[in-house]
Amino acid sequence: PGKPIRLIVPIVAGGPSDAVARALARGLTTELGQQVLVENRPGGNTGIGAGAVLNAAPDGYTLLFALASNAGLPHLSKASPYKSLAEFTPVSAIGGNTQCLVVPTSVPARTLTDFAAYAKASAYPLMRGANNVSEDMVAGQITGALGFKLERVPYKGAPQMLPDLLEGRLQAAVLPIGASLPHVRSGRLAILGCSMAERLAALPAVPTLAESGVSAAPLVTAHFVLGPPRLPVEITDRLAAAVRQAAQTADFKQEMDRLLIAGTARSPAETRELMLQAEAQYVQFVRETGASID
């Protein structure tokens, strides 16, 4: 590259995915010999940032750091600037966030079953903070399986939501484990269950959703590095190789370990397959529930 590269992150700064993007940008800067600048473009349920890359020149100087939830946006909102995430050029994918239902410790429940009973018995609707369609899907899986309701309260991002959750003004949220873990360790939040196939080695006491009676398949999670449509193969391959090398650096691995995110960088072909898997999961969820964020 002959000039700096923009890595557009379609969410607010400060959360786990933003931290992963910044660690990756540092590694890419070294690998490519050009500054890779993280540009947060939140809004439109990640659609504003994604739309900026969709309409960018296919020259490799504008990339999207997408979440797996970007695959669900076209199926949950008529305002989505794209009809399928497959419109973008897949470059690479790295590990995604494990989504967990968390509650402030002022809520008298430490299992999903107890929380469902608490919600059903409550004289007022329980409030759930929300800022991401993947969190909405996990919440929908939980409430649908256990037969209770939560009132959705929208936020721009996890950093804006956490103060209300910690103070008990919200009674629940589905959050990336990396965002909630510091507050779990301080005793202010409790994790009731996580969308994953197996328990995390770092948190052996935290059950999977399946262990709590939620039979839905674990959420497909990943962070995708995507280019605009029609990005030339030679540029795609050069960027994919740089992501693979950046993901092997000590700095990047340390950040992933801190956030409890696993996984190595994927090839463009593997990335496309993972995008399609994520999109299929959202299509099924919308078909079964009629969910919408409009």
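This text follows the structure it describes.
Residues numbered from 1 in each chain as written. Predicted model: local features only at pLDDT ≥ 70, side-chain atom pairs only at ≥ 80, totals over all residues. Heavy atoms only, no water.

J.: Account for the overall build of the protein chain, naming residues and giving values.
T.: Counting secondary structure elements, the protein chain contains 10 helices and 10 strands. A globule of 294 residues ought to have a C-alpha radius of gyration of about 19 Å, and the protein chain, at 19 Å, matches this closely. If you line up the protein chain on its principal axes, its C-alpha atoms span 60 × 40 × 30 Å. Buried residues in the protein chain amount to 55% of all 294 residues. Sequence-distant contacts, at least 24 apart, represent 77% of the contacts inside the protein chain between residues at least 6 apart. As displayed, the protein chain has an accessible area near 12400 Å², and 53% of this comes from carbon and sulfur atoms. Taking the 25 positively charged and 23 negatively charged side chains of the protein chain as two groups, their mean positions are separated by 3 Å. (Helix = DSSP H or I, 4+ residues; strand = E, 2+ residues; numbered from the N terminus. Rg over C-alpha atoms; globule rule 2.2 N^0.38 Å. Buried < 20%, exposed > 50% of the residue type's maximum accessible area, 1.4 Å probe, protein only. Contact = heavy atoms within 4.5 Å. Areas by Shrake-Rupley, 256 points an atom, 1.4 Å probe, with all protein chains shown as cover. Lys, Arg positive; Asp, Glu negative; His and termini not counted. Charge placed at Lys NZ, Arg CZ, Asp CG, Glu CD.)

J.: Summarise the packing of helix α1 (residues 16-32) against helix α8 (residues 233-246); cite the residues concerned and give the values.
T.: Orientation of α1 relative to α8, taken along the N-to-C sense of each, is 120°, at an axis distance of 8 Å. As judged from the angle between their axes, α1 and α8 are oblique. Where α1 crosses over α8, the two elements pack in a sense that is right-handed. Where α1 abuts α8, its residues Leu24, Gly27, Leu28, Glu31 and Leu32 lie against Arg238, Leu239, Ala242, Val243, Gln245 and Ala246. Of the residues assigned to the contact of α1 with α8, the class counts are seven nonpolar, two polar and two charged. (Axes fitted to C-alpha atoms, helices over the stretch in contact; angles between N-to-C directions. Parallel < 35°, antiparallel > 145°, perpendicular 65-115°, else oblique. Left-handed = near helix turned anticlockwise from the far one by under 90°. Nonpolar A, V, L, I, M, F, W, Y, C, P; charged D, E, K, R; others polar.)

J.: Give me the sheet that holds strand β2 (residues 36-40): which residues, what numbers.
T.: The strand order across the open sheet built from five strands is β2-β1-β3-β10-β4, with neighbouring strands paired in mixed fashion. Each having just a single partner strand, β2 and β4 (89-94) make up the two edges of the open sheet. In this sheet, adjacent strand axes meet at a mean angle of 25° when their direction is disregarded. Of the strand pairs in this sheet, β4 and strand β10 (residues 223-227) are connected by five bridges, and their pairing is antiparallel. Bridging across to β10, serine 92 finds its partner in valine 225. (Pairing = 2+ DSSP bridges.)

J.: Can you lay out the side chain of glutamine 99 for me, pointing to particular residues and giving the numbers?
T.: Relative to the assigned elements, glutamine 99 resides in strand β5 (residues 99-104). Given a relative accessible area of 5%, glutamine 99 falls into the buried group. At 3.2 Å, the side chain of glutamine 99 forms a polar contact with the side chain of serine 134. Residues contacting glutamine 99, with those up to four places away along its chain left out, are Ser134, Glu135, Val138, Val174, Leu175, Pro176, Gly193, Cys194, Ser195 and Leu219. (Polar contact = N/O pair within 3.5 Å; in protein donor to acceptor, adjacent residues only side chain to side chain.)

J.: Lay out the nonpolar core in plain terms, naming residues and giving numbers.
T.: Grouped together as the largest cluster of nonpolar side chains are 49 residues, with contacts concentrated most on Phe88, Phe115, Ile142 and Phe224. Look past the residues within four positions of phenylalanine 115 in its chain and what remains in contact with it is Leu101, Val103, Val107, Ala109, Leu126, Phe148, Leu150, Gln171, Ala172 and Leu192. Core analysis: the second largest hydrophobic core is formed by 32 residues, Leu63, Ile94, Val225 and Leu259 among them. (Core = buried A, V, L, I, M, F, W, Y, C linked by side-chain atoms within 4.5 Å.)

J.: Quick one: what's the story with the sheet that holds strand β9 (residues 189-194), residue by residue and with numbers?
T.: Here five strands make up an open sheet; going across it, the order is β7-β6-β8-β5-β9 and the pairing mixed. Unpaired on one side and paired on the other, β7 (151-154) and β9 mark the two borders of the sheet. Each strand axis lies, on average, 35° off the axis of its neighbour in the sheet, ignoring direction. As paired elements, strand β6 (residues 127-130) and β7 share four bridges and run parallel to each other.

J.: Go over unusual backbone geometry, please, and point to the residues and values.
T.: Positive phi, normally seen in glycine, also occurs at threonine 46, with a value near 80°. Tracing the backbone through its elements, the reader meets threonine 46 in the loop between β2 and α2 (47-54). The class for threonine 46 is buried, based on a relative accessible area of 7%.

J.: Help me get a handle on α2, residues and values and all.
T.: Among the eight residues of α2, six are classified as buried, and the element is accordingly described as predominantly covered. Taken together, the buried positions of α2 are Gly47, Gly49, Ala50, Gly51, Val53 and Leu54. Buried positions along α2 lie against β1 (5-9), β3 (62-67), α3 (73-76) and β10.

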